[in-house]
Amino acid sequence: RWLNLDVGGFLQVLDETQREFVSNMNLGDGIALNEALCENLFMILVSLLNQIPIFVIGKPGSSKSLAMGLVQSNLNGDASD
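As a starting point, this report considers the structure included with it. (Residues numbered from 1 in each chain as written. Predicted model: local features only at pLDDT ≥ 70, side-chain atom pairs only at ≥ 80, totals over all residues. Heavy atoms only, no water.)

Quick notes on the packing of aromatic side chains
Note the cut-off: Ring pairs shown here join Phe, Tyr and Trp side chains whose ring centres sit within 6.5 Å, with only the six-membered ring taken for Trp; geometry is labelled stacked below 30 degrees between planes, edge-to-face above 60, and tilted in between. Numbered from the N terminus, helices here are DSSP runs of H or I no shorter than four residues, and strands are runs of E no shorter than two. Think of it in three bands: residues with accessible area under 20% of the maximum for their type are buried, residues over 50% are exposed, and the middle band is partly exposed, with areas taken using a 1.4 Å probe on protein chains only.
Here the structure, examined in full by the defined rule, presents one aromatic pair. With a centroid separation of 5.2 Å and an interplanar angle of 80°, the aromatic rings of Phe21 and Phe42 are classed as edge-to-face. Placement of the pair is Phe21 in helix H1 (residues 7–23) and Phe42 in helix H2 (residues 35–49), with a sequence separation of 21 residues. Under the relative-accessibility criterion, Phe21 is labelled partly exposed at 33%. By relative accessible area, Phe42 is classed as buried at 10%.

Regarding the nonpolar core
How we decide: Only buried residues count toward a nonpolar core. Its members are Ala, Val, Leu, Ile, Met, Phe, Trp, Tyr and Cys residues joined through side-chain atoms within 4.5 Å. Pairs of residues are marked as contacts when any of their non-hydrogen atoms sit within 4.5 Å.
Of all hydrophobic cores here, the largest spans eleven residues; its members are Val22, Met25, Leu27, Leu37, Cys38, Leu41, Ile44, Leu45, Ala67, Leu70 and Val71. Those elements that place two or more of their residues in this core are H2 and helix H3 (64–74). Looking at which element gives the most residues to this core, the answer is H2, with five residues. Residues within four places of Leu41 in sequence aside, it is in contact with Val22, Met25, Leu27, Leu33, Ala67, Leu70 and Val71.

Put into structure tokens, the structure is as follows:
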């Protein structure tokens, strides 16, 4: 199925994959998982796991710093929140 994706199917698989990764993270109280945060978290995680440098750029308020802080607090092994 995944080899024969149209644009809509690809976007759906990408969204499902992002949300699956992020569902295992503790976001904390009062943090809404919007599209920008979900995308930033996913890209930071993928780049870290594959040891690929990444520049996270975007408009002010697009959850860049929040995403980095959440990844850092969730990837501390037993000391994670």
